[in-house]
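The lines below spell out each chain.
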Amino acid sequence: NRENNARNGFDAPLKMTPQLAWQGLTHPRWVLGTLAREIAARGMPHFENMESVQGPPLFSRDLVRSKIARDELGWDHIRFIRDIWPGKLVVKGILDVADARLAADAGCDGVIVSNHGGRQLDGVVSPLAVLPEIRAALPETVVMFDSGVRRGTDVLKAIMLGADFVFVGRPFLYAAAVHGAPGVVHAANLLRDEIDRDMALLGITTPLAARDHSPVPLPG
Ligand SMILES: Cc1cc2nc3c(=O)[nH]c(=O)nc-3n(C[C@H](O)[C@H](O)[C@H](O)COP(=O)(O)O)c2cc1C
């Protein structure tokens, strides 16, 4: 129940409404350069991560997103998936030390400490606040992080608090919406330059040094 989406008329799957048609007409560069190009190259986009088979198409008159049986996925299923999946297994959305331990005990290779960008339950704990205790509880497991990373300093803060990898969500989506692939490259360059500058200001030469606070050794 995202009230901002209810207000701005966004729904998924998309339904063709006068408002959507107007948005398309007034954004011809996006319609031709992004939507039409994607459909020409790969066909109509589908929701790919909803079912075990391909989900509904982007535009659909009557399909609804599956919201059934939310209480039927548990740690037994994670252990089952671990047994049958020989590749790396990562559980995302961990915000609690007890869950982090359950994930590690179930054989997960990594966890992503995340509140999905605060888009699901807006009063939930900040992932940055729980990152250090989850890191401390899982010294042998890869601990990744996302939600709210906007600046180079945010990346370094998360690394300093224990993240092995830091992910960025909406900034790259916004960059893609404004300027397509070159926009995403530009956003990545901005972030890289910020991290580079911030490391210089902190007196460190690798991002991981943010964690151990070790001073840069003098040459010679
Ligand atoms: C439009 C949109 C759709 C998303 N869908 C999913 C999803 O299906 N599954 C998921 O685990 N996270 C989903 N996320 C959350 C992102 O994967 C990521 O955790 C989050 O955007 C990170 O926060 P940030 O956007 O503040 O960087 C979605 C995020 C956005 C903006």
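Analysis parameters
Residues numbered from 1 in each chain as written. Predicted model: local features only at pLDDT ≥ 70, side-chain atom pairs only at ≥ 80, totals over all residues. Heavy atoms only, no water. Helix = DSSP H or I, 4+ residues; strand = E, 2+ residues; numbered from the N terminus. Buried < 20%, exposed > 50% of the residue type's maximum accessible area, 1.4 Å probe, protein only. Contact = heavy atoms within 4.5 Å. Areas by Shrake-Rupley, 256 points an atom, 1.4 Å probe, with all protein chains shown as cover. Lys, Arg positive; Asp, Glu negative; His and termini not counted. Charge placed at Lys NZ, Arg CZ, Asp CG, Glu CD. Core = buried A, V, L, I, M, F, W, Y, C linked by side-chain atoms within 4.5 Å. Patch = residues over 30% accessible without salt bridge, like charges linked within 9 Å, V, L, I, M, F, W, Y side chains within 5 Å. Salt bridge = Lys/Arg side-chain N within 4 Å of Asp/Glu carboxyl O. Expected span 1.5 Å × (residues − 1). Bend = angle between axes of the 7 residues up to and from the residue. Pairing = 2+ DSSP bridges.

K.L.:
How do you make sense of the overall build of the protein when you look at a structure like this?
P.N.:
Secondary structure summary: the protein contains nine helices and four strands in total. Reading the protein from its N terminus to its C terminus gives the helix and strand order α-α-α-α-β-α-β-α-β-α-β-α-α. Based on the C-alpha atoms only, the size of the protein along its principal axes is roughly 65 × 45 × 35 Å. A burial count over the protein gives 27% of its 220 residues as buried. Pairs at least 24 apart in sequence give 48% of the contacts found in the protein among residues at least 6 apart. Surface summary for the protein: the accessible area is close to 15100 Å², and the carbon and sulfur share equals 59%. If you average the places of the 24 positive and of the 25 negative side-chain charges in the protein, the two averages end up 7 Å apart.

K.L.:
Explanation requested: the nonpolar core in the structure shown.
P.N.:
With 31 residues, the main nonpolar core has Ile-94, Val-113, Leu-131, Ile-134 and Phe-145 as its most contacted residues. Broken down by secondary-structure element, the contributors of at least two residues to this core are β1 (90-94), α5 (97-105), β2 (110-113), α6 (127-137), β3 (142-145), α7 (152-160), α8 (170-202) and α9 (209-212). The contacts of Leu-131, once residues within four sequence positions are left out, are Val-113, Val-143, Phe-145, Ala-158, Leu-161, Gly-162 and Ala-163.

K.L.:
How should a nonpolar patch on the surface be read in this particular structure?
P.N.:
Nonpolar side chains collect at one region of the surface, where Phe-80, Ile-81, Ile-84 and Trp-85 lie side by side and expose about 420 Å² of accessible area between them. You can see Trp-85 is positioned in the loop between α4 (75-84) and β1.

K.L.:
Got a minute to help me understand helix α3 (residues 28-42) in this structure?
P.N.:
Every α-helix carries 3.6 residues per turn, so stepping three or four residues along brings you back to the same face. In this model α3 runs 20 Å from its N-terminal to its C-terminal C-alpha over 15 residues, within 8% of the 21 Å that 1.5 Å per residue would give. Considering bend angle alone, the principal kink of α3 is centred on Ala-36 and spans about 30°. Downstream of α3 by one or two residues, Gly-43 has phi in the positive range, about 80°.

K.L.:
When you look at the sheet that holds β2 in this model, what are you seeing that I'm missing?
P.N.:
Adjacent strands of a sheet form backbone hydrogen bonds with each other and so pair up, either parallel or antiparallel. The strand order across the open sheet formed by four strands is β1-β2-β3-β4, and the pairing between neighbours is parallel. Bordering the open sheet on either side are β1 and β4 (165-166), each of which pairs with just one other strand. Here β2 runs beside β3; their pairing, made up of four bridges, is parallel. Counterpart to Val-113 in the pairing with β3 is Phe-145.

K.L.:
Is there a simple way to explain the pattern of salt bridges in this structure?
P.N.:
Two side chains carrying opposite charge are able to pair once their charged atoms lie near each other. Applying the stated criterion to the full structure yields seven salt bridges. A salt bridge links Arg-42 to Glu-38, with the nearest nitrogen and oxygen atoms 2.9 Å apart. You can see Arg-42 and its partner Glu-38 sitting in helix α3, four residues apart, about one turn around the helix. Among the ionic pairs, Arg-82 bridges to Asp-109, the shortest N-O distance being 3.0 Å. Of this pair, Arg-82 sits in helix α4 while Asp-109 sits in the loop between α5 and β2, and the two are 27 residues apart along the sequence. For Arg-82, a relative accessible area of 16% corresponds to the buried category.

Functional significance is not addressed by these values, which are geometric in nature.
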